[in-house]
Structure formats: structure tokens, C-alpha cells
Amino acid sequence: MIRRATRFLDERAGAAPFLRKALRYVFPDHWSFLLGEIALYSFVVLVLTGIYLTLFFEPSLKDTVYHGSYEPLQGQKMSEAYRSVVDISFKVNAGLLIRQTHHWAADVFVVAIVLHLLRVFFTGAFRKPRDYSVVMSVPIVGASLAVLVWGAGYPGIPSFEGRMYIAHVFLLPIAIAVLLSLHLLLVVARHHTQFPGPKRTERRVVGLPMVPGYVPRTLGLALAVAAVLVLLGGLVQINPIWQWGPYSVANGTNGAQPDWYLGWLIGALRLMPGFDVTIGDYTLVPNPFWGGVLFPMLVFAFLFAWPTIERRRTDDRDVHNLLDHPSDMSWRTAVGASVFSFVAVVFLAGSMDRIAVSVGVPYTWQIWIFRAGLLVVPPLVFVVTRRICSELSERKWSEVEPSMARE
Amino acid sequence: MRRLGRWAIAGAVLLVGRGQRRRQLPPPEPVVDAWEPAPRAELLVAGLLLLAAALAVAFIVIYAGGADTQLLGLALGLCFGTLAVASIVTAFRLTPPEEAEEPYPERFHSTEVAEVEQIASESGRPLTRRRLLGLTAGSAGLALGVALLAPVASLGPVFDTNQLRREPWRRGVRLVDSEGRVLRADDIELDTLHTAFPEGANPEILASPIVVVRVEPARLDLPVGRRNWAPGGIVAYSKVCTHAGCAVALYRAPHFEPSRPRPALVCPCHYSTFDPATGGTVLFGPAGRPLPQLPLAVGPKGELIALGGFSGAVGPSWSGVRE
């Protein structure tokens, strides 16, 4: 049976040599390698649920009056878009399940992709020959954030919402899918990295072959991701827009908070001291530019530039297939942790108003606490991380071979 | 006779060949590591697969019978969950924990790299005017690229700046609330924020919405030239924050002791805070300039009317927009 099927494929597509190789493709094993897979599988759930939702969503800002099953909104004026989302939630059977699963998938996707990025950074997986699979992934993060932002929906001129919608359901997902495929192709072409160990060298990769060991494992992970997302979508409410009511541009009645993944931009906008760059009566650079545009651009530029920065500093142009333990690379780990802590403080600052409500520290004090934190925390994190790394690494080496301990 | 002989030879060859072929097949070298059978694990997997099938059927039944979101999520989620467990049991009990080895791909293919370079240079050998061809091809490509992008302009204008600059407030325009009712000076109480619009104008124009509050007249300290803009301490400002254009929707006017900061208009987006008593000046936050003030007066029947346009440009400080 299998012989006949393979021969069928081989005669028509010449696929047997490829298949033979793919079946025993080796996957090095480490839990942190699964973060990328989790991102990939939640992207699949995101796309499938998203396609279903497009069949019901209407990207129109035309006024309409609600006459549906949800009593509190009965007879209210709202946009077609808002009405269609309320209908997806209450009228379409299984609509709410799919909609909430979609939202949860987006959240899990963002978290998984950021953790994956951190893993790649701290283990040095971005070095040659994989520097370009990393460069590929930075726009993936950017495009994903863009989709999420556009997904939030914009008030504005009527044709605007329609175009934002096309970007959300068509242009950006295709861009992400293309970049993701290129990223995976490059990973396969240069094979996966591995942590050093017995038999694991720069020349030979050791791990579990695709068949029979790896396929049921990764299938199990994919199904587990789907299970968690669907359970969240069914049981844990997210984005209940019917409770917030339709948005009226003129009244500016917004109880809507931006989603959490924009916290780092909101935080930057809020922490920025209030000044515009002006020449006489002419505003050259409006204030939101610093926090809303320059800050994220700098963060992305850092990620883009890092492989080059490190190559310049270490003058290391070699090919690397073995990963570093973060503690062995104290400088890189310290810089990474310090930059990450900077972004994390800004992110936290994005919830200053929530902190003020729940903890009671006045907002005006927090502004100054967080601003001071931005100056103090990153250097502190740098010094402490560097110290911890060198001690860990020293201890490890002295256990392996006392004479090899660094002087 | 000869024919018969051939048939005989063919038959003999076939017979002999059949026997030989059977004998020739040696067992192939094993590729996959040997691993102990685990019949109980197989039973467990089979049970889980059956359970998953049952949960999938349950999903269909729930869907057909009213589609309760929680039950749907439970059925489908648990179905995926059981399948996940079945996969993982298969992985750990029914497949060998192999440690396969494979060489990493070559760093680069030196022969092919050299050959690509050779092919490129040999193909270009007959060209004598390379710079000319390169420049002309570049300009053709650039021009075509711009031409193909040009139709995108039909999407515009993206930002209709005239729309932003339209001024619905003029001398004598009455203030109305969101339902269109005329606002009277008596309606405006201390420590209460009112949103108002110009009567008869489109409320969605950027400059339309204003906030109206009453400040204790003793506290008023408006800039020079705005002395008569606040009848009875009632002041009006644009509702659009000068920082990022959000709605200034909060009014900080606490009634409790002992900490009693001055009443302030607050934008909930980035917490720019403006002082209504001093002409909308920035008390705190990232805004770079004050809220534009609208001069008010009280009409003959006690209704609030505008005395003219705003004191400055409405909306966030885009390039060029300033007081």
C-alpha cells in the first residue's frame, strides 16, 4: 500500500528522495524550541477563525438602528460594523465561540512570538548562518502588531474603515504568511540550532527524527494549542463590546481601553514630557511622535541591528550551529535584559491609571516614579545580570574542570 | 518446432527466475530503532480517540440545539484536548526515543558559487556599454514602478485637512447638547462637565464638540483679552485634546477634603490635564499647548451662545498647526 502510494507520487512528482529525507529530518530537542511552534499553531487557529468571521462582519460605518435579541441595545443608533459584531456574538450560532477564540489566538500569538524572539536573542540563535531568518521575523512581529491595531477598528471617514478592513483580513495576513513561510524555509535550509552536548557539534545535529518520534509530539502540541484556545474562547469572556455600547465620535464617549499589547506605546506616550518641537508658530515635531513613532522604531531598529552590532564587537564571522547558554555570554545577556527591562517599564507605565485606581498611588507621582525607573532600572539590570551570568558561568566551568575556571 | 523450443526456454527461465527472486531478498538494514510494544498504551490511545469522536458529535448536537457558547467551547476544546493527549501518549509510549544524527548542511557550495559567477561574467562579455544599459534599465524600472503605484492616489485624499479646519462656531451660534436641546446658563452647575455642540452644525466636525464647565468666578484668571468670555464663570473649551486628539472626557472636580487639587479637565488617553480657570493652560501631562477656548455669552432668554471662534487651532498639533 505505502509502497504503491509512494511510487505513485514518485512517478508523477519525483518526490521519493525528498520524502525519504524529510521522514528522518532531525529535530533537536529543547522546550524553548516549542515557543515558535506555539506561535505558528496559534497563527493557524487565528486564520481559520478569522476566515469564518469575515463571512459575517460588515466593515461599514453607515448608521443603523439595532433591533436584535440583546435587550440593552434595543433601538440604539450604531454603525453597521458594530451591529454585525453584536450579531456575531448573539445571533450567529457558535459566532461568539469563534470570535472569542480568534481574539485569544491573537493574544497567545503575540505572547508566543515575543517569547520566541527573546529565546533566539538570548541563546545567540541569530548568528550566521541564521541572521536572515531573524531579520525575516522582525517584520513578522511588526506586521502582526499592525494587524492587531487595524483589527481594533478606527472611527473616521466611511471609506477608511473598509480599507482598514482589507488591510486586516487580506494584505497583512498574506504578508505574515509569506514571511512566515520564508522564515520556515530558511530554518529548514540551514537546519535547526542545538545546545552543545555529547555528540552535538557544529557539524552534526542530533535529535528526534520526524517519523516516528517527532510527528506525534508536534501534532500533540498543535492540538493542545487548539484545545487551550477553544476552551478560552468558550469559557473566558474577552472583549465584550456589547457591554461598552456603540462609539459616538462626536460625544467622545470612550470607555474602550487599547488592548494590552499596545501598553508599551501608551506608556511611552504618557511618560513623555510635554513639549512640541516648534519654530515660531509652526509645529515641526508634534509630541506623540516621540512615544508613538520614534520609540517603537528604535526598539525594532535595535532588534534589526543586533546581529551586526554583535559581529562588529566580537569580530566573529564564523558559522554557528551550537547555541550559547545565556550565562556564558554575559555581555549580550546583560544588554538584552537591560533593553528588555526598559521596554517592560514603559509597558507597565501604560497601566498607570489602573495602578492608581487599584493601589491608590496618585498618577502624578507615578509619572515621576516611572520616569526615574527608566533611568535607574536598565543600568541596574545590566550590572546585576552581568554579575549573575559571570558567577553562574564560573561555577559551571569550575565544576566541569577546576583548572578551567577563569582567573 | 523452433517456436516450441523458444516457449520451453522461456518457461524454464521464468520458473528458475521465480525461485531465485524469492531467495534474493535480504531483509533491509533497519532505519528506525526497535522499541517494545505497549498494547495497553495502544488501548488507551484507542479509547481517547473514541472519546474525541464522541465529543465532536456532542459539539454538533449542542450546535444544532441552541449553540450555548460555553458548552460548545467545552465540547470542542475537550475534543482537541483528548486528541492532544492521544498524540502525546503515542509519542512517548509507542515511538522509540531515537537519537538520530545528521550532518549540518555545508557552509557553502564552492563549485556552484564559482560557476554562477562564471556564467554571469561570460553572459555579460559581449556587452560594451554596461553603464549606459544599467542606467537606462534603472530609470525605466524606477519610472515603471512609480507609474504602477500612481493609481494608489485614487484612494485619497486620506486626510481632508479642510475638513479639519472647518469652523462651525460663529458669533451668535447657540450651544446644544447631544440631543439637540438648547443649553441654558442655569443648566451648568459647579463641578459638572457638559458636552455641547453648535446648533444646526454637523457634530462630527473636529471643531464641533466643546466641554462646558462652571468655575467659581473668584478663581477665574483668564488671559488678558478674555475677560468677558466667561459669563458667571461658565467657560467652554474644545473637547479635542491638543496632544493626540482624544476626547477630553474627564473633569477632575473632587468634593472631598483634605487633598483638593484645583478642578481640571483631563484627557483619559495620556492624562493631559488642563486648567479651565486660566484659559485651558496645561497643568500636567504631555500636551504641548493649551485647549482652545470658545468665548461665551448669555442670550436674552438665558441660553448660552458663542461670541466668536476659538482662541487657537483645534485638535492635536500636526505639523504647521499652532496657536
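Residues numbered from 1 in each chain as written. Chains lettered and ligands numbered in written order. Predicted model: local features only at pLDDT ≥ 70, side-chain atom pairs only at ≥ 80, totals over all residues. Heavy atoms only, no water.

So, on to the packing of aromatic side chains. Residues and elements named next belong to chain A. One pass over the full model with this rule turns up 20 aromatic pairs over all chains. On the basis of an interplanar angle of 45° and a centroid distance of 5.3 Å, the ring pair of F121 and W306 is categorised as tilted. Placement of F121 in helix α5 (residues 95-123) and of W306 in helix α11 (residues 288-314) is noted, with a sequence separation of 185 residues between them. Comparing F121 with W306, the two get one shared label, buried. (Phe/Tyr/Trp six-rings, centres within 6.5 Å; stacked < 30°, edge-to-face > 60°. Helix = DSSP H or I, 4+ residues; strand = E, 2+ residues; numbered from the N terminus. Buried < 20%, exposed > 50% of the residue type's maximum accessible area, 1.4 Å probe, protein only.)

This part takes up the nonpolar core. All names here are of chain A. Of all hydrophobic cores here, the largest spans 26 residues; its most connected members are F43, L46, F109, I113, I140 and L229. Ignoring any residue separated from it by four or fewer positions in sequence, one finds F109 in contact with A39, S42, F43, L46 and S144. Of all hydrophobic cores here, the second largest spans 22 residues; its members include A349, M352, Y363 and F370. (Core = buried A, V, L, I, M, F, W, Y, C linked by side-chain atoms within 4.5 Å. Contact = heavy atoms within 4.5 Å.)

Quick look at unusual backbone geometry now. Residues and elements named next belong to chain A. With omega at 10°, the peptide bond leading from K128 into P129 counts as cis. In this fold, P129 is placed in the loop between α5 and α6 (131-151). The amide bond that connects V211 to the next residue, P212, takes the cis arrangement and shows omega of 5°. Along the chain, the position of P212 falls in helix α8 (residues 210-235). Unlike most non-glycine residues, D315 shows phi in positive territory, near 55°. Here D315 lies in the loop between α11 and α12 (330-349).

Glancing now at the pattern of salt bridges. All names here are of chain A. Per the stated rule, a full pass over the model turns up 21 salt bridges over all chains. A salt bridge links D328 to K396, with the shortest nitrogen-to-oxygen separation between them at 3.1 Å. With D328 in the loop between α11 and α12 and K396 in helix α14 (residues 363-400), this residue pair connects regions lying 68 residues apart in the sequence. By relative accessible area, K396 is classed as partly exposed at 29%. Through salt bridges with shared partners, one network takes in E58, E80, R83 and D87. (Salt bridge = Lys/Arg side-chain N within 4 Å of Asp/Glu carboxyl O.)

Okay, the domain arrangement of chain A next. All names here are of chain A. Assigned domains of chain A: these are domain 1 (27-256) and domain 2 (270-407). Taking only C-alpha atoms into account, the centre of domain 1 sits 26 Å from that of domain 2. Contact residues are listed per partner, giving 29 residues for domain 1 and 23 residues for domain 2. Together, F122, R127 and E202 form the three largest contributors to the area buried by domain 1 at its contact with domain 2, with a combined 28%. Viewed at the interface, domain 2 and domain 1 are joined by 2 salt bridges. (Domains from an automatic or database assignment. Buried area = accessible area lost by both parts, 1.4 Å probe.)

For E102 of chain B, the location among the structural elements is in strand β1 (residues 100-103). Among buried Asp, Glu, Lys and Arg side chains, E102 of chain B stands out as unpaired, with K21 of chain A the closest opposite charge at 5.3 Å. Apart from residues no more than four positions distant in its own chain, E102 of chain B is found in contact with R24, Y25, V26, H191, R203, R204 and V205 of chain A. (Lys, Arg positive; Asp, Glu negative; His and termini not counted.)

All names here are of chain B. On the basis of which strands lie adjacent, the open sheet formed by 4 strands has the order β6-β7-β8-β9 and antiparallel pairing. The open sheet has two edge strands, β6 (250-252) and β9 (281-284), and neither has a second partner. Between one strand axis and the next, the sheet turns by 35° as a mean value, whatever way the strands run. Looking at chain direction, β6 and strand β7 (residues 264-266) are connected through 3 bridges and run antiparallel. (Pairing = 2+ DSSP bridges. Axes fitted to C-alpha atoms, helices over the stretch in contact; angles between N-to-C directions.)

With that out of the way, let us pick up the domain arrangement of chain B. Each assigned domain of chain B is listed here: domain 1 (34-96) and domain 2 (165-306). For domain 1 of chain B and domain 2 of chain B, the distance between their C-alpha centres works out to 62 Å.

Attention now moves to the sheet that holds strand β4 (residues 204-209) of chain A. Within a sheet, neighbouring strands are paired by backbone hydrogen bonds and run either parallel or antiparallel to one another. In spatial order, the strands read β1(A)-β4(A)-β1(B); together these 3 strands make up an open sheet with antiparallel pairing. The two strands at the open ends of the sheet, each matched to only one other strand, are β1 (26-27) of chain A together with β1 of chain B. Lying over the sheet, α8 of chain A contacts β1 and β4 of chain A, oriented at roughly 65° with respect to β4 of chain A.

Counting from both sides, the interface comprises 65 residues of chain B and, opposite them, 74 residues of chain A. Its largest share of buried area at the contact with chain A, chain B owes to E101, E102 and Y104 of chain B, together 15% of the area lost on that side. Across the pair E101 of chain B and K199 of chain A runs a salt bridge whose closest N-O atoms are separated by 3.9 Å. Along the contact surface separating chain B from chain A lie 15 residue pairs in polar contact (both at pLDDT 80 or more). Among the elements of the structure, α2 (39-64), α3 (69-94) and β1 of chain B are those that each provide at least two residues to the side of chain B that touches chain A. Among the elements that make up the side of chain B that touches chain A, the one with the highest residue count is α3 of chain B (17 residues). (Polar contact = N/O pair within 3.5 Å; in protein donor to acceptor, adjacent residues only side chain to side chain.)

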